[in-house]
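Coordinate analysis (summary)
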Amino acid sequence: MNSSDGSKSTERRAEAEIFDRFSTIVKDKFTAYAEASRQSNSKVNQLDILYKRPEFSAEKKILNDMNNNGLSKGLLATLASFIFLRWSPGAISRHLRKRAAASAGTGSGGSGSGNPFNKTGGYK
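Now for a quick tour of the structure. Note on numbering: residues in each chain are counted from 1, in written sequence order. Local features are withheld for residues below a pLDDT of 70 in this predicted model, meaning they are given only at 70 or higher, and side-chain atom pairs are given and counted only at 80 or more; totals for whole chains, interfaces and linings count all residues. Excluded from the side-chain calculation are hydrogens and water; included are all heavy atoms of the structure.

To continue, consider the overall build of the chain. To qualify as a helix, a DSSP run of H or I must reach at least 4 residues; to qualify as a strand, a run of E must reach at least 2; elements of each kind are numbered from the N terminus. Looking only at helices and strands, the chain features 2 helices and 0 strands. Total accessible area computed for the chain in this model is approximately 11,200 Å², and 61% of it derives from carbon and sulfur atoms. In short, Shrake-Rupley with a 1.4 Å probe defines the accessible areas, and a residue's cover is counted only from the protein chains shown.

Given below as structure tokens:
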């Protein structure tokens, strides 16, 4: 049993060493990412300060106008397609019912089923 206890302690030491290496790598990576994000935040802040200057007001106005134009056209297209897609199935079914009623009422249907897709007369 001593040999198994020795191998278990060796395995545990190896696992502890692997865990320590892994945790060191993770800590180093997170530290590097944190430093990079701090540096990029300072760059973003610098750009933000520069962009708030009056020289860029014309550019900001043009960008806002472009965004507002596209947004309003997109909302209008969305609304129109939604209304059309909600309205069109009912309109098509009403049209087919009227057409079926008209063909059944004239007596040209023959079977009187009122189905506009059943053609009893004509070319076969």
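What follows is about a nonpolar patch on the surface. Patches here: salt-bridge-free residues with over 30% relative accessible area, like charges joined within 9 Å, nonpolar side chains (Val, Leu, Ile, Met, Phe, Trp, Tyr) joined within 5 Å. In the sections that follow, a salt bridge refers to a side-chain nitrogen of Lys or Arg positioned within 4 Å of a carboxyl oxygen of Asp or Glu. A cluster of nonpolar side chains, contributed by Leu79, Phe82, Ile83, Phe84, Leu85 and Trp87, occupies part of the molecular surface with about 690 Å² of accessible area. Along the chain, the position of Phe84 falls in helix α2 (residues 57–106).

Across all of its chains, the model carries 2 salt bridges by this definition. A salt bridge links Arg21 to Glu17; the nearest nitrogen and oxygen atoms lie 2.7 Å apart. In this pair, Arg21 and Glu17 are both assigned in helix α1 (residues 2–51), 4 residues apart and thus about one turn of the helix distant. Given the relative accessible area of 55%, Arg21 is considered exposed. For Glu17, a relative accessible area of 42% puts it in the partly exposed group. A salt bridge links Asp65 to Lys61, with the shortest nitrogen-to-oxygen separation between them at 3.3 Å. Taken together, the residues span about one helical turn, with Asp65 and Lys61 both in helix α2 at a distance of 4 residues. For Lys61, a relative accessible area of 53% corresponds to the exposed category. Relative accessibility under 20% of the residue-type maximum defines a buried residue, over 50% an exposed one, and the middle range a partly exposed one, all with a 1.4 Å probe and only protein chains included.

We now examine the side chain of Ser23. Note on placement: Ser23 falls in helix α1. On the basis of relative accessible area, Ser23 is assigned to the buried category, the value being 18%. Under this definition, polar contacts are N or O atom pairs within 3.5 Å; protein pairs additionally need one hydrogen-donor-capable and one acceptor-capable atom, and for neighbouring residues in sequence, both atoms have to be side-chain atoms. Polar contacts involving the side chain of Ser23 include one to the main-chain carbonyl oxygen of Asp20, which spans 2.9 Å.

Within the element layout of this structure, Ser93 appears in helix α2. We classify Ser93 as partly exposed; its relative accessible area is 28%. Separated by 2.9 Å, the side chain of Ser93 and the backbone oxygen of Gly90 make a polar contact.

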